[in-house]
Amino acid sequence: MKNPEVANILAHMALYLHMDDVPFKPQAYERAATAVESLSQDVEELYKTEGLKGLEKIPGVGKGIAERIEEHLKTGKVQDYEAYRKKYPIDLDELSLVEGLGPKSIKELYEKLKVRDLKGLEQAAKGGQIRKLPHFGEKSEQNILQAIEFVKRSQGRWLLGAIYPYVEELILTFQHSKLVKQAVAAGSIRRMKETVGDVDMLVTTKTPEKVIEFFLSYVKYDKLWGRGPTKVSVHTLRGFNIDVRVLPEEVFGAGLQYFTGSKEHNVKLRTLALQKGYKLSEYGLFKGEKRVACETEEEIYKVLGMQYIEPELREDTGEIEAALRLAPLAQGLPALIPYGSLQGDLQIQTNWTDGNNSIEEMAREAKKQGLSYIAITDHTKDLAMTGGSDEKKLLRQMKEIDRINSTQSSDWVARSDDRAKFRILKGAEVNIRKDGTLDIEDEALAKLDVVGAAVHSNFKMSKNDMTERIMRAMRNPHVDILFHPTGRSMPKRDSYDIDIDAIIQEAKQTGTVLEVNAQPRRLDLKDIHIKKAVEAGVKMVINSDAHSTEHLRFLNFGIAQARRGWAQKADVVNTLPLDKFLQMLKDKRNHA
DNA sequence: GCCGTTTTCGGCCCGACTGTTTTCAGTCG
């Protein structure tokens with residue numbers, strides 16, 4: 001899968017062109033980069049089967065960019081790109097992570113201060129050199145230092161969403177090799193943590209040596225950390241480490257339990273085992289010398305006298321006590337919201353604003369993935385760069401949605417079962433202004449089925465002001481959902497400062513639904529917030545925030561996040577069928 | 001460099017905010 005590296009080159013090209021003040025081309029490259037990045041199909045496959053014409057089918061990729069992708073696939077290099085790399089020998093990956101630093105500043109810092117990477121940037125800032133540059137000052141220097149700190153905190157971690165497709169591919173490759181009986185990713189990937197440090201693969205096989213050999217021939221790596229008869233560890237060209245461990249089949253459950261973690265969960269579990277007269281290790285649960293459980297995780301938890309604990313919960317945040325039914329968690333673990341249980345998706349952008357696909361394309365794909373309704377929620381007018389809708393454009397879009405809803409019967413929803421009655425809802429992602437008012441008139445909002453409100457600017461407000469601002473928007477009776485409530489965007493931007501408890505209380509008061517945004521960069525609410533919302537009885541909705549058909553698959557990451565927050569099906573309103581979902585929204589509007 | 005119910009050339013890229021300034025460039029959504 002070469003999509004990430006191709007997308008990376010295109011994104012870098014966009015930055016270089018920005019640096020040289022080339023008009024229009026940067027946007028073109030940016031658009032192509034996002035399209036390639038979110039493509040589920042492998043560009044290399046696409047090129048092999050359909051050639052240049054296939055590449056040009058990617059939205060935003062025309063002749064010029066297609067030829068550069070071809071050049072990369074054929075030779076591993078792109079001449080234009082190499083020329084720029086020579087002209088600006090800087091670490092764009094690092095520097096572009098710094099919030100507030102754009103291509104022009106990066107260029108200036110390189111040319112005046114020879115800043116090439118994060119380390120150089122930090123030195124220049126700490127040495128007080130940056131404030132001396134024109135258009136920079138003391139404040140800019142401080143902001144840069146702050147942004148560097150945030151980048152540093154997230155370094156060495158990878159977004160689950162970025163690594164997951166690769167891991168799935170690796171597992172399939174193992175399975176197709178016929179060399180392994182089982183292949184599973186353990187560790188933080190299995191726990192579906194929002195970021196992961198490395199990949200822990202566990203396999204069972206009769207031929208460990210062969211499996212390790214096979215793995216090394218398949219994976220592209222630049223460092224072999226170690227290789228033994230049952231374990232191999234490499235640093236891949238993608239930048240993360242993969243460990244592959246071969247486990248004897250009869251202790252697979254114990255190994256899986258051990259390597260899934262978290263460390264905190266395991267420490268407590270082992271202590272518990274000791275108290276009960278057992279010993280727990282990666283080789284099994286022992287009573288004296290006798291191995292009493294090891295083949296499956298289920299039996300280990302069972303012998304310890306507890307409910308089975310789903311991997312997403314294993315963080316030692318009360319799950320062990322609950323599994324033991326200890327007070328105050330005597331009711332035991334919650335039945336987590338199952339994967340695949342969503343019926344709708346209430347945040348979808350289209351090519352009416354900054355999305356890649358048409359309303360109809362998004363709807364068709366959503367239906368294909370088993371959903372029965374979606375809401376189209378394009379940006380509104382304050383987000384001018386996206387071509388955000390004003391009241392007039394919203395009306396036009398509503399008409400178009402009516403048209404598609406009424407014409408779809410004969411064509412793509414011809415099946416007779418209930419699931420086939422696919423429905424596109426009219427919505428918007430309205431902007432919450434600095435003062436908490438919205439950028440669309442109430443009269444227009446009243447005509448929409450679903451109104452999501454979100455903060456997109458003025459992130460640096462005081463906690464109090466930001467909380468007040470958002471709560472004011474929530475009090476608008478037309479606002480159904482608060483989109484991405486904390487506003488973070490990993491790895492670049494931290495949440496803005498808000499009082500999440502106050503927001504949850506306000507949601508309870510007003511009946512506003514809180515979003516669990518499933519974009520791998522956002523995953524917002526966070527798991528700990530979800531848990532609070534669950535405890536407060538506040539309803540949530542899991543949305544893909546899809547900007548292209550490929551993004552609809554993000555919903556699973558949102559479900560994982562909800563599961564990590566102990567949410568059950570009843571806590572998430574888009575598990576409801578359409579009529580019940582709409583009724584719920586109506587209740588809020590009437591209630592307010 | 002891409003795109004097309006303004007269609008093969010000529011648009012596309014607006015507006016608020018920040019930090020630097022005193023009229024503006026850069027960044028972000």
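Keep in mind that this is a model prediction, so the values were computed, not measured.

Novice: Please clarify how the overall build of chain A should be interpreted in this entry.
Specialist: Regarding its fold elements, chain A presents 24 helices and 17 strands. Rg of the C-alpha trace for chain A: 26 Å, near the compact-globule value of 25 Å for 592 residues, within the 12% margin. For chain A, the spread of C-alpha atoms along the principal axes amounts to about 75 × 60 × 55 Å. Burial analysis of chain A (592 residues in total) assigns 54% to the buried set. One way to put it: in chain A the 90 positive side-chain charges average out to a point 1 Å from where the 88 negative ones average out.

Novice: Got a minute to help me understand the confidence of the model for chain A in this structure?
Specialist: Low pLDDT means the predicted atomic positions in that stretch should not be read closely. Of the residues in chain A, 97% reach a pLDDT of 70 or more, and the chain-wide mean stands at 90. Within chain A, no element has a lower average pLDDT than strand β5 (residues 221-227), which sits at 84, and none a higher one than strand β17 (residues 540-543), at 98.

Novice: Where do I start with helix α3 (residues 43-56) in this structure?
Specialist: An α-helical segment advances 3.6 residues per turn. Residues three or four places apart therefore align on the same side. Spanning 14 residues, α3 covers only 11 Å between terminal C-alpha atoms, well under the ideal 20 Å at 1.5 Å per step. Most pronounced at glutamate 50, the bend in α3 amounts to some 130°. Within the sequence span of α3, burial applies to Val43, Leu46, Tyr47, Gly51, Gly54 and Leu55. Check the buried side of α3 and you find it contacts α1 (3-19), α2 (25-37) and α4 (63-75). One side-chain oxygen of the residue at the start of α3 lies 3.1 Å from the amide nitrogen of glutamate 44, identifying that residue as aspartate 42.

Novice: Got a minute to help me understand the pattern of salt bridges in this structure?
Specialist: A full pass over the atoms with the stated rule returns 40 salt bridges. In this structure, glutamate 400 engages arginine 403 in a salt bridge whose closest nitrogen and oxygen atoms are separated by 3.1 Å. Separated by three residues within a single helix, glutamate 400 and arginine 403 lie in helix α18 (residues 391-407), roughly one turn from each other. Here aspartate 527 ties to arginine 564 by a salt bridge, and the two come within 3.1 Å at their closest N and O atoms. With aspartate 527 in helix α22 (residues 527-536) and arginine 564 in helix α23 (residues 555-564), this residue pair connects regions lying 37 residues apart in the sequence. As far as the burial class goes, aspartate 527 and arginine 564 line up, both buried. Sharing partners across several salt bridges, the network here consists of Glu122, Lys126, Glu149 and Lys152.

Novice: Teacher, can you tell me more about the protein's contact with DNA strand B here?
Specialist: Residues in contact with DNA strand B amount to 37 residues; listed here are only the nearest, Gly62, Gly102, Ser105, Gly137 and Arg493. In DNA strand B, atoms within 4 Å of the protein come from the sugar-phosphate backbone in 67% of cases. Backbone polar atom of lysine 63 to a phosphate oxygen of DNA strand B: 3.4 Å apart, as the coordinates give it. In the environment of DNA strand B, a phosphate oxygen lies 2.4 Å from a nitrogen or oxygen atom belonging to the backbone of glycine 102. Elements with a contribution of two residues or more to the surface near DNA strand B: α2, α4, α7 (103-113) and α9 (138-154). Of all the elements, α2 adds the most residues to the surface near DNA strand B, at five residues. Here the residues of the surface near DNA strand B sort into 14 nonpolar, 13 polar and ten charged.

Novice: Any chance you could explain the side chain of arginine 488 here in plain terms?
Specialist: Assignment of secondary structure puts arginine 488 in the loop between β15 (481-482) and α21 (500-510). Engagement of the side chain of arginine 488 in a polar contact is seen with the backbone oxygen of leucine 523, the distance being 2.7 Å.

Novice: How should I be thinking about the domain arrangement of chain A in this particular structure?
Specialist: A common way to state how big an interface is: give the accessible area lost once the parts meet. Each assigned domain of chain A is listed with its residue range as follows: domain 1 (3-154), domain 2 (158-246), domain 3 (261-323) and domain 4 (344-591). Domain 2 and domain 3 are separated by 25 Å when their C-alpha centres are compared. On the side of domain 3, eight residues touch domain 2, which itself brings four residues to the contact. Between domain 2 and domain 3, the buried area comes to about 480 Å², and carbon and sulfur atoms account for 45% of it. Two residues, arginine 191 and glutamate 315, come together in a salt bridge whose shortest N-O distance is 2.8 Å.

Novice: In this structure, what is going on with the sheet that holds β17? I would like to understand it.
Specialist: Adjacent strands of a sheet form backbone hydrogen bonds with each other and so pair up, either parallel or antiparallel. Strands sit in the order β11-β12-β13-β14-β15-β16-β17 across an open sheet of seven strands; the sheet is parallel. The sheet is open, and its two borders are formed by β11 (344-348) and β17, each paired with just one other strand. Pairing analysis gives two bridges linking β15 to strand β16 (residues 513-517), with the strands arranged parallel. When the sheet's bridge partners are listed, leucine 482 is paired in β16 with leucine 514.

Novice: Explain unusual backbone geometry here, please?
Specialist: Most peptide bonds adopt trans geometry, and most residues besides glycine take a negative phi value. Note that the residue after methionine 490, namely proline 491, is joined by a cis bond; omega there is 0°. Position of proline 491 among the secondary structure elements: in the loop between β15 and α21. Residue leucine 525 follows aspartate 524 across a cis peptide bond; omega there is 15°. Structurally, the position occupied by leucine 525 is in the loop between β16 and α22. In this structure, phenylalanine 24 takes a positive phi of about 70° despite not being glycine. In this fold, phenylalanine 24 is placed in the loop between α1 and α2. When its relative accessible area of 72% is taken as the criterion, phenylalanine 24 is described as exposed. Positioned with a positive phi, leucine 523 is a non-glycine residue whose angle comes to about 40°.

Novice: Would you take a moment to explain helix α20 (residues 463-475) for this structure?
Specialist: For α20, with 13 residues, the first-to-last C-alpha span of 18 Å sits near the 18 Å given by 1.5 Å per residue. Listed in full, the buried residues belonging to α20 are Met466, Thr467, Arg469, Ile470, Met471, Ala473 and Met474.

Novice: Would you take a moment to explain the nonpolar core for this structure?
Specialist: Here is a general trend for soluble globular proteins: nonpolar side chains tend to be buried in one another's company. In this structure, Ile374, Ile424, Ile470, Leu514 and Ile542 are the most contacted members of the largest nonpolar core, which totals 57 residues. Broken down by element, this core gets its largest block of residues, five residues, from α20. When sequence neighbours within four positions are dropped, the list of residues in contact with isoleucine 374 reads Asp345, Ile348, Met362, Ala363, Ala366, Phe422, Arg423, Ile424 and Leu425. Residues Leu15, Ala35, Tyr110 and Leu133 belong to the second largest nonpolar core, which totals 51 residues.

Reading the values: rules and limits
- Residues numbered from 1 in each chain as written.
- Chains lettered and ligands numbered in written order.
- Predicted model: local features only at pLDDT ≥ 70, side-chain atom pairs only at ≥ 80, totals over all residues.
- Heavy atoms only, no water.
- Helix = DSSP H or I, 4+ residues; strand = E, 2+ residues; numbered from the N terminus.
- Rg over C-alpha atoms; globule rule 2.2 N^0.38 Å.
- Buried < 20%, exposed > 50% of the residue type's maximum accessible area, 1.4 Å probe, protein only.
- Lys, Arg positive; Asp, Glu negative; His and termini not counted.
- Charge placed at Lys NZ, Arg CZ, Asp CG, Glu CD.
- pLDDT = per-residue confidence, 0-100.
- Expected span 1.5 Å × (residues − 1).
- Bend = angle between axes of the 7 residues up to and from the residue.
- Contact = heavy atoms within 4.5 Å.
- Polar contact = N/O pair within 3.5 Å; in protein donor to acceptor, adjacent residues only side chain to side chain.
- Salt bridge = Lys/Arg side-chain N within 4 Å of Asp/Glu carboxyl O.
- Near = heavy atom within 4 Å.
- Nonpolar A, V, L, I, M, F, W, Y, C, P; charged D, E, K, R; others polar.
- Domains from an automatic or database assignment.
- Buried area = accessible area lost by both parts, 1.4 Å probe.
- Pairing = 2+ DSSP bridges.
- Core = buried A, V, L, I, M, F, W, Y, C linked by side-chain atoms within 4.5 Å.

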